[in-house]
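# Residue-level structure breakdown
As a plain string of letters, each chain reads:
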Amino acid sequence: MSQQTLLNNLNKQMLACTQCALRKTCNQVVPGEGSANAEIMFIGEGPGKKEDELGRPFVGSAGKFLNELLASINLKREDIYIANTVKCRPPNNRDPLPEEKKICWHWLEKQLAIIQPKIIIPLGRHSLELFIPNAKISEAHGRAFRKPFPPLKQITIFPSYHPAAALYNGSLRKTLLEDFKKIPKVLELICKIS
Ligand code: URA
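Below: a short report on this structure. (Residues numbered from 1 in each chain as written. Predicted model: local features only at pLDDT ≥ 70, side-chain atom pairs only at ≥ 80, totals over all residues. Heavy atoms only, no water.)

## Let's talk about the overall build of the protein chain
- The number of helices and strands found in the protein chain is 10 helices and 6 strands.
- Relative to its length of 194 residues, the protein chain is compact, with a C-alpha radius of gyration of 16 Å against a globular reference of 16 Å.
- C-alpha atoms of the protein chain, sized along the principal axes, occupy 40 × 40 × 30 Å.
- Within the protein chain, contacts between residues at least 6 apart in sequence are counted, and of these 71% link residues at least 24 apart. (Helix = DSSP H or I, 4+ residues; strand = E, 2+ residues; numbered from the N terminus. Rg over C-alpha atoms; globule rule 2.2 N^0.38 Å. Contact = heavy atoms within 4.5 Å.)

So, in C-alpha cells, the structure goes:
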C-alpha cells in the first residue's frame, strides 16, 4: 500500500476518534496535511479557531507566517507535512493538557511511522516536550538533535519557536527566519549520513 493510501486510512480513523473530551467541544478533527512522503514534518501544538473551522492545520495568522518561513527556504506546503500534538481544538485556545497530549500521541506516532520524515520540527515548547522532555525551547531552537525513536530508527529533531510567538514578540521573527535558513543544510547533512 502506498504511503498516501496508508495516510488516507489513518485520517479516516482519526476523524472518528472520540478518545478524549476535546472532541466534544471542537467542531472537527484536524488530522494534518501535506506530502505523505515528506522529508520534513512540522508539528504544532493544536488546532486554533480557524483550523477548527476549516479542518486544516495552520490556516490562521500563525499559518500565514509559517507559509512565509517556508517560502524563505523555497518550500511550499505541498513539499512538507504539518500535524499537531493534539488533533482537536482545545476550548478557547487553551494549552493542550498533558493527559490530552498523551491520549493523542499514538496518532502522531502512526503518522510518523507512515511518513518517515528525515527531520521532525517541533514548533514551540508543547510539541518539543514530546520529543525531548525537559528541553527548553529558548536553548534548543535552531539546533539539530539525533536520537533513536521507535518505530523509526534514528530521527533528527530540529526544534523551532512556534510561528505564533513571533506575532507577539517581534524579535522572534528574525530568530525564526534564521533558524529556518539552517533547515536545508541539516537535511543535506542527514542525507549524507543515512
Ligand atoms: N497553532 C498550532 O499549533 N497549530 C495549528 O494548526 C494552528 C495554530
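Next comes the rest of the account.
## Concerning the packing of helix H1 (residues 3-15) against helix H5 (residues 98-115)
- Put simply, H1 and H5 touch, their axes get as near as 9 Å, and they point 170° apart. One finds that H1 runs roughly antiparallel with respect to H5. Residues Gln3, Leu6, Leu7, Leu10, Gln13 and Met14 of H1 touch H5, and the partners they reach there are Trp107, Lys110, Gln111, Ile114 and Ile115.
- Here the contact of H1 with H5 is composed, by residue class, of 7 nonpolar, 3 polar and 1 charged. (Axes fitted to C-alpha atoms, helices over the stretch in contact; angles between N-to-C directions. Parallel < 35°, antiparallel > 145°, perpendicular 65-115°, else oblique. Nonpolar A, V, L, I, M, F, W, Y, C, P; charged D, E, K, R; others polar.)

## Observations regarding unusual backbone geometry
- A positive phi angle is found at Asn74, which is not glycine, with a value near 60°.
- On the secondary structure map, Asn74 appears in the loop between helix H4 (61-72) and strand E3 (81-84).
- What makes Asn74 exposed here is its relative accessible area of 71%.
- Even without glycine at this site, Asn93 takes up a positive phi of about 60°. (Buried < 20%, exposed > 50% of the residue type's maximum accessible area, 1.4 Å probe, protein only.)

## So, the layout of surface pockets
- Here the largest pocket defines a volume of roughly 650 Å³.
- Around the largest pocket, the lining is made up of 30 residues, and of these Glu45, Gly46, Ala62, His162 and Ala164 lie nearest the centre.
- Mapped onto the lining of the largest pocket, the elements with two or more residues apiece are helix H3 (49-54), H4, helix H6 (125-131) and helix H8 (163-168).
- Broken down by element, the lining of the largest pocket gets its largest block of residues, 4 residues, from H8.
- Here the second largest pocket defines a volume of roughly 270 Å³.
- Contributing to the lining of the second largest pocket are Gln116, Pro117, Lys118, Arg146, Pro151, Leu152, Lys153, Gln154, Thr156, Ile190 and Ser194.
- For the lining of the second largest pocket, the residue count by class is 4 nonpolar, 4 polar and 3 charged. (1 Å grid on protein atoms, 1.4 Å probe; cavity = no way out; pocket = protein on both sides within 12 Å on 5 of 7 lines; lining within 4 Å. Points joined across faces, edges and corners; volume = space filled by probe spheres on them.)

These values are about where atoms sit, not about what they do.
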